[in-house]
Amino acid sequence: MTTPTTVVSPPARDESALPVVGFIGLGHMGSGMTANLQAAGFPLVVNDLRRESAALLVEAGAVWADTPRQVAESSDIVITMLPTPRHVAQVAAGSDGLLAGMADGATWIDMSTSVPDVINQIRVANTDRGLRFIDAPVSGMSVGARNGTLQIFVGCEPDDFAALRPVFEAMGDPERILHVGGPGAGYAVKLLINQLWFSHLVATAEVLSVGVAAGVDLTTLRGALMASPANSNFVANDVLSIIDHGDYDEGFAIALACKDLGLSVDLARSSGVSVEVSAVVEQVFRRARARFGDSAGEMIPVRLYEEMLGRDLRREVA
């Protein structure tokens, strides 16, 4: 039996109401982001590969659309939150794609971790339509998406940023919603943040493992690092997930971390900058992915060093 096609009618609203937001991609991040948009009063039209992922949203008043085109036709603003640049391009294209349903002058906000080239190609191909393409990738993991505390890096014109700020504030921490430049700047900043964070992870794993192997107490070593110019947010905070709880953060899979690292290295290559350190970090992550599987947590590369060390990096918590 085939599932009946949905006939989408935009949520009822008056001219003074909040804009209707179309949202495509209801995974770990998108599910929390849409829940917060809905809680802030934005009418929603939603789409995902898995219709069941929209059940709670629809129960609370959101409208399901069968295709990206239907989302665009029924919305004032469309947001995409998708796994890879390839998925962004696929959602945009074709007779049932997002672009086919967007009215001239409409706004598309892509909050995926992606690269400028994808949207740039779409922008160039649609210059005569007056479409606004906003890149606004996020940091904060699924817990930030659920709690509405995401950090958002927005690449667009200043007037567009000001007009769309209420939408961003429904999903993120107002103090950490940053206008980082023109179109494409949001993508670049997010990739560079990921690149540096993953480098911190590998460097910290190496230093802690060498220190423990040399006979230094783990807690003492971390304290010395925190008191030194070598301190970082990773040493002070993020590493506690592992050394206190043995949690390698399965909320963000290493397969996605490897995807992000590959994108950041590609960005460097297209910018003409050599990134030897990041290339080595990418190799470490890919080795961990091969060893522990795609769904292992993004911090699982630390486990490679623990295996070489012959013990877990754990401290006694009082």
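Residues numbered from 1 in each chain as written. Predicted model: local features only at pLDDT ≥ 70, side-chain atom pairs only at ≥ 80, totals over all residues. Heavy atoms only, no water.

1. Some thoughts on the overall build of the protein chain
Thinking step 1. Within the protein chain, the regular secondary structure consists of 15 helices and nine strands.
Thinking step 2. Taking 20 Å as the expected radius of gyration for a compact globule of 318 residues, we find that the protein chain reaches 21 Å, a close match to that expectation.
Thinking step 3. Principal-axis analysis of the C-alpha atoms places the extent of the protein chain at approximately 70 × 45 × 40 Å.
Thinking step 4. Taking contacts inside the protein chain between residues at least 6 apart in sequence as the whole, the part at least 24 apart equals 67%.
Thinking step 5. As displayed, the protein chain offers around 15,000 Å² of accessible surface, 55% of which is attributable to carbon and sulfur atoms. (Helix = DSSP H or I, 4+ residues; strand = E, 2+ residues; numbered from the N terminus. Rg over C-alpha atoms; globule rule 2.2 N^0.38 Å. Contact = heavy atoms within 4.5 Å. Areas by Shrake-Rupley, 256 points an atom, 1.4 Å probe, with all protein chains shown as cover.)

2. A short note on unusual backbone geometry
Thinking step 1. Despite not being glycine, methionine 141 shows a phi value in the positive range, around 60°.
Thinking step 2. Mapped onto the elements of the fold, methionine 141 is located in helix H7 (residues 141-147).
Thinking step 3. Non-glycine residue aspartate 249 carries a positive phi angle of around 65°.
Thinking step 4. Among the structural elements, aspartate 249 can be located in the loop between helix H12 (240-245) and helix H13 (254-271).

3. Quick notes on helix H4 (residues 85-92)
Count 3.6 residues to each turn of an α-helix, and residues three or four apart come out pointing the same way.
Thinking step 1. Every buried residue belonging to H4 is among Pro85, Val88, Val91 and Ala92, and all of these are buried. For H4, the buried positions fall inside an angular range of 125° around the axis, keeping them on one side.
Thinking step 2. Phi turns positive, to about 90°, at glycine 94, one or two residues after H4. (Buried < 20%, exposed > 50% of the residue type's maximum accessible area, 1.4 Å probe, protein only. Arc of directions from axis to C-beta.)

4. Comments concerning the pattern of salt bridges
Thinking step 1. Overall, the coordinates contain 17 salt bridges when judged by the stated rule.
Thinking step 2. Between arginine 132 and aspartate 160 there is a salt bridge, with the nearest N and O atoms lying 3.7 Å from each other. Of this pair, arginine 132 sits in strand S6 (residues 132-135) while aspartate 160 sits in helix H8 (residues 158-169), and the two are 28 residues apart along the sequence.
Thinking step 3. A relative accessible area of 35% places arginine 132 in the partly exposed class.
Thinking step 4. Linking aspartate 173 and arginine 176 is a salt bridge whose minimum nitrogen-to-oxygen distance equals 3.6 Å.
Thinking step 5. Aspartate 173 sits in the partly exposed class, given a relative accessible area of 24%.
Thinking step 6. Here arginine 176 falls in the partly exposed class, since its relative accessible area comes to 34%.
Thinking step 7. Taken together, the shared-partner salt bridges connect Arg303, Glu306, Asp312 and Arg314 into one network. (Salt bridge = Lys/Arg side-chain N within 4 Å of Asp/Glu carboxyl O.)

5. As for the pairing of S6
Thinking step 1. By the bridge criterion, four bridges tie strand S5 (residues 107-110) to S6 in an arrangement that is parallel. Bridge pairing in S6 places aspartate 110 opposite aspartate 135.
Thinking step 2. Chirality of the crossover, the property in question, places the unit of S5, helix H6 (residues 116-125) and S6 among those that are right-handed. (Pairing = 2+ DSSP bridges. Right-handed = clockwise from strand over helix to strand, strands pointing away.)

6. Digging into the pairing of strand S4 (residues 77-80)
The side chains of a regular strand alternate, first on one face of the sheet and then on the other.
Thinking step 1. Neither face of S4 is left uncovered, since the one carrying Ile77 and Ile79 and the one carrying Val78 and Thr80 both have all their residues buried.
Thinking step 2. Of the pairings in the sheet, the one linking strand S1 (residues 21-24) to S4 comprises four bridges and is parallel in character. When the sheet's bridge partners are listed, phenylalanine 23 is paired in S4 with isoleucine 79.
Thinking step 3. With four bridges joining them, S4 and S5 adopt parallel strand pairing. In the sheet register, valine 78 faces S5, and the bridge partner there is tryptophan 108.

7. Re the packing of helix H9 (residues 185-213) against H13
The packing of two helices is summarised by the inter-axis angle and the distance between the axes.
Thinking step 1. Packing of H9 against H13 brings their axes to within 9 Å, and their N-to-C directions diverge by 115°. The angle between H9 and H13 places the two elements in the roughly perpendicular class. Note that H9 runs across H13; the crossing there is left-handed. Seen from H9, the contacting residues are Ala188, Leu191, Asn194, Gln195 and Phe198; seen from H13, they are Ala257, Asp260, Leu261, Leu263, Ser264 and Leu267. (Axes fitted to C-alpha atoms, helices over the stretch in contact; angles between N-to-C directions. Parallel < 35°, antiparallel > 145°, perpendicular 65-115°, else oblique. Left-handed = near helix turned anticlockwise from the far one by under 90°.)

8. What about the nonpolar core?
Thinking step 1. Residues Leu37, Met111 and Phe168 are the most contacted members of the largest nonpolar core, which totals 33 residues.
Thinking step 2. Elements with a minimum of two residues in this core: S1, helix H1 (28-39), strand S2 (44-47), S4, strand S8 (150-155) and H8.
Thinking step 3. Apart from residues lying up to four places away in sequence, methionine 111 is in contact with Met33, Ile79, Thr80, Met81, Ala136, Pro137, Val138, Ile152, Phe168 and Met171.
Thinking step 4. With 30 residues, the next largest nonpolar core counts Leu201, Tyr248, Val302 and Tyr305 among its residues. (Core = buried A, V, L, I, M, F, W, Y, C linked by side-chain atoms within 4.5 Å.)

9. Examining helix H15 (residues 301-309)
Thinking step 1. Looking at H15, one finds that the buried residues are Pro301, Val302, Leu304, Tyr305 and Glu306.
Thinking step 2. For H15, the elements touching its buried residues are H9, H12, H13 and helix H14 (276-292).
Thinking step 3. Following H15 by one or two positions, glycine 310 has its phi on the positive side, about 85°.

10. A look at the side chain of serine 241
Thinking step 1. Tracing the backbone through its elements, the reader meets serine 241 in helix H12.
Thinking step 2. If we ignore the near neighbours within four places in the chain, the residues touching serine 241 are Gly246, Asp247 and Met299.

Nothing here speaks to function; it is all geometry.
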